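Fold and geometry: a report
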Amino acid sequence: MNARITPAAAKTDLDAFWMPFTANRQFKGQPRLLARAEGMHYWTAEGRQVLDGVAGLWCVNAGHGRREITEAVTKQIGAMDFAPTFQMGHPIAFELANRLAAIAPPGMDRVFFTNSGSESVDTALKIAIAYHRARGQGQRTRLIGRERGYHGVGFGGMSVGGMVNNRKFFASVMLPSVDHLQHTLDIGHNAFSRGLPHWGMHLANDLERLVALHDASTIAAVIVEPIGGSAGVILPPVGYLKRLREICDKHDILLIFDEVITGFGRIGKPFAALEFDVIPDIMTTAKGLTNGAIPMGAVFAQRKIYDAFMQGPENAIELFHGYTYSAHPVACAAALATLDIYEREGLLTRAATLSPEWQEALHSIRGTPNVIDIRNFGLIGAVDLEPRAGKPGARGFEVFLKCFEKGVLIRVTGDIVALSPPLIIESKQIAQIVETLAGAIRETA
Ligand SMILES: Cc1ncc(COP(=O)(O)O)c(C=O)c1O
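Structural notes, computed from the coordinates. Worth saying up front: this structure is predicted, and the values here are computed from it rather than measured.

Of the regular secondary structure elements, the chain holds 16 helices and 15 strands. Compactness check: the chain gives a C-alpha radius of gyration of 22 Å against a globular reference of 22 Å for 445 residues, within 12% of the reference. Taking as baseline every contact in the chain between residues at least 6 positions apart, the subset at least 24 positions apart corresponds to 73%. With an accessible surface of roughly 19600 Å², the chain has 56% of that area assigned to carbon and sulfur atoms.

Our next topic: the environment of D252. Mapped onto the fold, D252 is located in the loop between α10 (240-251) and β8 (254-258). Note on D252: relative accessible area 37%, which makes it partly exposed. Taking the C-alpha atoms as reference points, D252 and L347, separated by 95 residues in sequence, lie 35 Å from one another.

Surveying the vicinity of the ligand reveals the residues S116, G117, S118, Y150, H151, G152, E225, S230, D258, V260, I261 and K287. Residue S118 places a side-chain N or O atom 2.6 Å away from an oxygen atom belonging to the ligand. Here K287 contributes a side-chain N or O atom positioned 3.1 Å from an oxygen atom of the ligand. Expressed as a share of its isolated accessible area of 390 Å², the protein-covered part of the ligand is 84%. Its residues assigned to classes, the shell around the ligand shows three nonpolar, six polar and three charged.

Quick look at the pattern of salt bridges now. Should the charged atoms of two oppositely charged side chains come close, the side chains can pair. Per the counting criterion, the structure on display carries 25 salt bridges. The closest approach of N and O atoms between D252 and R135, which form a salt bridge, is 3.1 Å. Of this pair, D252 sits in the loop between α10 and β8 while R135 sits in the loop between α5 (117-134) and β5 (142-146), and the two are 117 residues apart along the sequence. With a closest N to O distance of 2.9 Å, E246 and R243 form a salt bridge. Of the two residues, E246 and R243 both sit in helix α10, three residues apart, roughly one turn of that helix. Its relative accessible area of 22% is what places R243 among the partly exposed residues. One salt-bridge network, in which partners are shared between bridges, spans R66, E68, R344 and E345.

Here we come to the environment of A221. As for its position among the elements, A221 is in strand β7 (residues 219-224). Looking at A221, the relative accessible area reads 1%, which means it is buried. Beyond its immediate chain neighbours, meaning those up to four positions away, A221 contacts A128, R142, L143, I144, I253, L254 and I256.

With that out of the way, let us pick up the state of the cysteines. Here a disulfide denotes one covalent bond, and it connects the sulfur atoms of two cysteines. Summed over the entire model, instances satisfying the criterion amount to zero disulfides. Of all cysteine sulfurs in the structure, the one in C59 sits closest to C332, which takes part in no disulfide; the separation is 18 Å. The buried category is assigned to C332, whose relative accessible area is 0%.

This next bit is on the pairing of strand β11 (residues 371-377). In terms of burial, β11 is a largely internal element, six of the seven residues being buried. Sheet topology places β11 next to strand β12 (residues 380-385); six bridges connect them, and they run antiparallel. Along β12, the bridge assignment pairs I374 with V383. Counted between consecutive antiparallel strands, the loop separating β11 from β12 contains two residues, among which G378 sits at a positive phi close to 55 degrees.

Before going further, it helps to spend a moment on the sheet that holds β8. In spatial order, the strands read β4-β10-β9-β8-β7-β5-β6; together these seven strands make up an open sheet with mixed pairing. Strands with a single pairing partner mark the edges of an open sheet, and in this sheet they are β4 (110-114) and β6 (178-181). Looking at each pair of strands side by side, their axes are set apart by 20 degrees on average, direction ignored. Pairing between strand β9 (residues 282-285) and strand β10 (residues 297-301): four bridges, direction antiparallel. When the bridges of β10 are listed, T284 appears paired with V299. Packing against the sheet, helix α9 (residues 206-214) makes contact with β5, β6 and β7, and its axis sits at approximately 155 degrees to β6. Those strands touched by α10 are β5, β6, β7 and β8, and its axis lies near 150 degrees from that of β8.

Even without being glycine, W58 reaches a positive phi, approximately 65 degrees. Position of W58 relative to the elements: it lies in helix α2 (residues 55-58). A positive phi angle, close to 60 degrees, is found at Q87, a residue other than glycine. With respect to the helices, strands and loops of the structure, Q87 is situated in the loop between α3 (67-79) and α4 (91-103). On the basis of relative accessibility, which here comes to 65%, the residue Q87 falls in the exposed class.

Rules and cut-offs
Residues numbered from 1 in each chain as written. Predicted model: local features only at pLDDT ≥ 70, side-chain atom pairs only at ≥ 80, totals over all residues. Heavy atoms only, no water. Helix = DSSP H or I, 4+ residues; strand = E, 2+ residues; numbered from the N terminus. Rg over C-alpha atoms; globule rule 2.2 N^0.38 Å. Contact = heavy atoms within 4.5 Å. Areas by Shrake-Rupley, 256 points an atom, 1.4 Å probe, with all protein chains shown as cover. Buried < 20%, exposed > 50% of the residue type's maximum accessible area, 1.4 Å probe, protein only. Near = heavy atom within 4 Å. Polar contact = N/O pair within 3.5 Å; in protein donor to acceptor, adjacent residues only side chain to side chain. Nonpolar A, V, L, I, M, F, W, Y, C, P; charged D, E, K, R; others polar. Salt bridge = Lys/Arg side-chain N within 4 Å of Asp/Glu carboxyl O. Disulfide = S-S within 2.5 Å. Pairing = 2+ DSSP bridges. Axes fitted to C-alpha atoms, helices over the stretch in contact; angles between N-to-C directions.

The following block contains the structure:
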């Protein structure tokens, strides 16, 4: 063992679980255990009620403990626990694909199932590269991501992603042919914008720079989040996504939207592609697809992409890709029940109705010490805090802990607070989130 590594003393029964994206030692010294959830709330193991300001992890869009999902899952696991989808099929997988195609952006009616956002991203990247090969352009293998993008933790998603902490340990094993657009967060020009910022559409022209550098004939796809979430809510300037689409079209490059957080109503339409009226070639989703209840992801492709694969002998497998649990029947049941709830309760568009109130409430925090920017769109919000000198992330983490003590779950990325409550939120809960957050920020001055 490396002499500089101090073995940790085994302290508690929390030791065995190596927690993801977590300061394990801090957590295990001061655990925050959630034991129950219903509607807009969690309850801690001690029985304390906590308002969920982040829909779990941007996924519980219809709120917690939805009885219809529980019943659908229970029924399905009783009827058929598992069935393969390699050279076999089961009816609700097809039913779900049809239901998704019906709410998808125009033409995006071919659906490939995965188990997570990371798998959706890696699937989309592989489909993009294989698509070009299928139509005789196998030299198009380069992928373009964006600085500060987050596309999960697979080798593909990590490589096109642009969050330095996620990348630096793995620098030498990234995918080789990847480049990155500059990101669009510019507080200097856009601080406290309400909705999309008006400055920065020209940043999309950075794609022309990369095309000039690499030549379009080597580039398979560009992948961006329409609204970046995990890196701290990064909004596209007005016109930016349309410009990206134009440049991709001009050079025959596929455009992939990673809608893992923007999908399923988060910004007031079923998908951001519909809200921004920019239709990608491929779209990745997960999270809200099953309301977070069962892991599942889905990749939507334009029909032209699917059709490009449907060539050659009919008994030949067209795409050598898939997961044991692609279209797992229990996940399909959860997703169908979730879609029923979304449709019955109008949740795929509710964020549009709530967003003016959400915006006003969030921007009321302006003027609180150390708040350097506030951003919002749909039911997404971010409050950017001035980092403590020499201690990036410290203030953000303190605010996170204080909010939790005060009964509100938020999320922080460094010193950026991100908010994304369940889409069933009510006015008094919006007020509670904002008042609690403002108080926590004041107390950590
Ligand atoms: C845009 C985006 N893509 C991909 C992922 C990865 O999803 P998962 O954690 O389900 O693998 C996330 C997760 O937050 C995400 O926000």
